[in-house]
Amino acid sequence: MLQCDQYATIVGKNELDELKRLAQYMAERRVVMVNSTRIGGGVAEILNRMVPFLQELGVSIRWEVIQGDEPFYEVTKKIHNALHGRAEDLTEPMLQHFLDIGSRNAEQIQLEDEIVFIHDPQPITLVDKRKAPSRWIWRCHIDVSRPHRSVWNFLKPYILKFDAAISSAPAFAQQLGMRQVLIAPSIDPLSGKNRQLPIEEVNAVLQRLGVPQDRPIITQVSRFDFLKDPMGVIDAFRRVRRSIKCRLVLAGGTASDDPEGEKVLGLVKERAANDPEIHLLLLPPNSDLEINALQRASTVIVQKSLKEGFALTVAEALWKGKPVVASAVGGIPLQVRHGYSGLLVHSVEGAALAIKQLLNNPTYAKQLGENGREHVRNNFLLTRHMREYLLLFLTLGIQEEVVRFDGKPF
Ligand code: UDP
């Protein structure tokens, strides 16, 4: 029995058989995934689970990570923020450094595979190294619906060199004059972060982390990033606490490609001001068990992002049957249908009201959580995600065959 056969109990045998068949068609094609970090953030989370799964299915897939220095990650974080719409000051020398590091990586990383799959803007300039007949895909995990124009104009010529661009939600697509595909991200129900946990294990982790379970727990799990709005979460929590006794957990770590984490954490500590009911947990990488337990021990899970790509943390919470209060930004509305699989909010005040509504009405909260779990089962599990990637890889190949049949160059 393959390890992946365990997924049959969650998604059904048919879905798994279909994946195996698609993987067989891929036998002749090698795939390389390229991103900018192995640890921290949603992209690394997905690749850590997806790559071994596809390998087990027989797909010849590798994962490469570009190497950069601190100034490079400063620039890429600015590019990230600018794509989310923030006005960022990107100077010529900064952009030149971005290009230089890109060229250095292009020399060091082997990119001869039939399908080269580039995640996000950090490694985007590798596309300059593309050689026929490989197929290049740009996978954008960011909400680029309203990007800062100058940064978008800088990146666009690179994007246009790809065969296809993937985004997570319909609202993110841009006019590009190229093949664009919508594929939502996913979570792995069998990962350490999402697998079932016995209540004793949950309790033991909470005790070890110093979070008493004497009153309802409201939790946000996120990198310490301005766009995740941890300060807004603290403000909302304080409003809730005026009328309902509860605790707040802000759990997060840093990602190796995110230089802003320390600064944001400092500001969050200031705002929390040693409040004994606010638990700031700085988690080391690979804290899957801790995150799993915290999410399971929570009464309400919050994701009060100001901008968001998809927010895997929302899918993780819903999969655990938890009621979620989340901002109506980025890919969150795909996951949270207001009043059905959670509550969508637009402000600190709105978040506070929604949290209170759920704390005061556990039956309603439970129903939202149950609906959320089924919504994730049907739409946001790893198996669906892989099926869509494999189909895309295969159709890129089919195009090639059609062209050969016509005798025209592609
Ligand atoms: N995460 C983690 N440790 C942390 C904070 C977050 O492992 O300290 C995980 C979180 O559980 C989720 C991923 O990192 O799986 C974050 O993905 P998401 O799409 O929510 O946000 P991103 O960080 O990619 O913007």
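Small disclaimer: the values here were computed from a predicted structure and weren't measured.

Observations concerning the pattern of salt bridges
Alright, step 1. One pass over the full model with this rule turns up 36 salt bridges.
Alright, step 2. For D225, the salt bridge identified is with K77, shortest N-O distance 2.9 Å. Note that D225 is positioned in the loop between β7 (217-221) and α8 (230-241) and K77 in helix α4 (residues 70-83), a separation of 148 residues in sequence.
Alright, step 3. Here E370 ties to K366 by a salt bridge, and the two come within 3.1 Å at their closest N and O atoms. With E370 and K366 both in helix α14 (residues 362-379) and four residues apart, the pair spans about one turn of that helix.

Comments concerning the packing of α8 against helix α13 (residues 348-360)
Alright, step 1. Look at α8 against α13: their axes get within 8 Å of each other, and the N-to-C directions meet at 50°. Classed by the angle they form, the pair α8 and α13 counts as oblique. For the element pair α8 and α13, the recorded crossing hand is right-handed. Two secondary-structure elements touch here, α8 through G232, D235, A236, R239 and V240 and α13 through V348, E349, A351, A352, I355, K356 and L359.
Alright, step 2. Tallied by class, residues from the contact of α8 with α13 come to seven nonpolar, one polar and four charged.

Some points on the pairing of strand β10 (residues 300-303)
Alright, step 1. Of the two faces of β10, the one carrying V300 and V302 and the one carrying I301 and Q303 are both buried.
Alright, step 2. Pairing of β7 with β10, which is carried by two bridges, proceeds in the parallel orientation. In the sheet register, T219 faces β10, and the bridge partner there is I301.
Alright, step 3. Taken together, the three bridges between β10 and strand β11 (residues 324-327) define a ladder with parallel strand orientation.

Quick look at the confidence of the model for the protein
Alright, step 1. Scored by pLDDT, the protein has a mean of 94; 97% of the residues are at 70 or more.
Alright, step 2. Note on residues 400-410: pLDDT is under 50 here. Beyond four places in sequence and across chains, it has nine contacts.

Here's the deal with the site of the ligand
Alright, step 1. Taken together, 15 residues surround the ligand, and among them G42, R223, K228, G253 and E316 come closest.
Alright, step 2. The side chain of K228 places a nitrogen or oxygen atom 2.7 Å from an oxygen atom of the ligand.
Alright, step 3. G253 is positioned with one of its backbone polar atoms (N or O) 2.6 Å from an oxygen atom of the ligand.
Alright, step 4. In the complex, 87% of the free accessible area of the ligand, which totals 540 Å², lies under the protein chains.
Alright, step 5. The element contributing the most residues to the shell around the ligand is helix α11 (residues 312-319), with three residues.
Alright, step 6. For the shell around the ligand, the class distribution of residues is four nonpolar, six polar and five charged.

Notes on unusual backbone geometry
Alright, step 1. A positive phi angle is found at D229, which is not glycine, with a value near 50°.
Alright, step 2. Residue position: D229 is located in the loop between β7 and α8.
Alright, step 3. Of note in this structure, A273 is not a glycine but carries a positive phi near 45°.
Alright, step 4. Tracing the sequence through the fold places A273 in the loop between α9 (261-272) and β9 (278-282).

Focus on the nonpolar core
Alright, step 1. One finds M33 and F393 to be the most contacted residues of the largest nonpolar core, which totals 56 residues.
Alright, step 2. Among the elements of the structure, α2 (13-25), β1 (30-35), α3 (42-56), β2 (60-65), β3 (115-119), α11, β11 and α15 (382-406) are those that each provide at least two residues to this core.
Alright, step 3. Aside from chain neighbours lying at most four places away, what touches F393 is M26, V31, M33, I115, F117 and I137.
Alright, step 4. I66, W136, V151 and A165 belong to the second largest nonpolar core, which has 36 residues in total.

Some remarks on the sheet that holds β9
Alright, step 1. Judged by pairing direction, the sheet is parallel, and its six strands sit side by side in the order β9-β8-β7-β10-β11-β12 without closing on themselves. Every interior strand has two partners, whereas the edge strands, β9 and β12 (343-345), have only one. Taken pair by pair, the neighbouring strands of this sheet meet at an average axis angle of 20°, ignoring direction.
Alright, step 2. Bridge count for strand β8 (residues 247-252) against β9 is five bridges, and the pairing is parallel. Bridging across to β9, A251 finds its partner in L281.
Alright, step 3. Where helix α10 (residues 288-297) meets the sheet, its contacts fall on β7, β8, β9 and β10, and the angle it forms with β7 comes to roughly 145°.

Rules behind the numbers
- Residues numbered from 1 in each chain as written.
- Predicted model: local features only at pLDDT ≥ 70, side-chain atom pairs only at ≥ 80, totals over all residues.
- Heavy atoms only, no water.
- Salt bridge = Lys/Arg side-chain N within 4 Å of Asp/Glu carboxyl O.
- Helix = DSSP H or I, 4+ residues; strand = E, 2+ residues; numbered from the N terminus.
- Axes fitted to C-alpha atoms, helices over the stretch in contact; angles between N-to-C directions.
- Parallel < 35°, antiparallel > 145°, perpendicular 65-115°, else oblique.
- Left-handed = near helix turned anticlockwise from the far one by under 90°.
- Contact = heavy atoms within 4.5 Å.
- Nonpolar A, V, L, I, M, F, W, Y, C, P; charged D, E, K, R; others polar.
- Buried < 20%, exposed > 50% of the residue type's maximum accessible area, 1.4 Å probe, protein only.
- Pairing = 2+ DSSP bridges.
- pLDDT = per-residue confidence, 0-100.
- Near = heavy atom within 4 Å.
- Polar contact = N/O pair within 3.5 Å; in protein donor to acceptor, adjacent residues only side chain to side chain.
- Areas by Shrake-Rupley, 256 points an atom, 1.4 Å probe, with all protein chains shown as cover.
- Core = buried A, V, L, I, M, F, W, Y, C linked by side-chain atoms within 4.5 Å.

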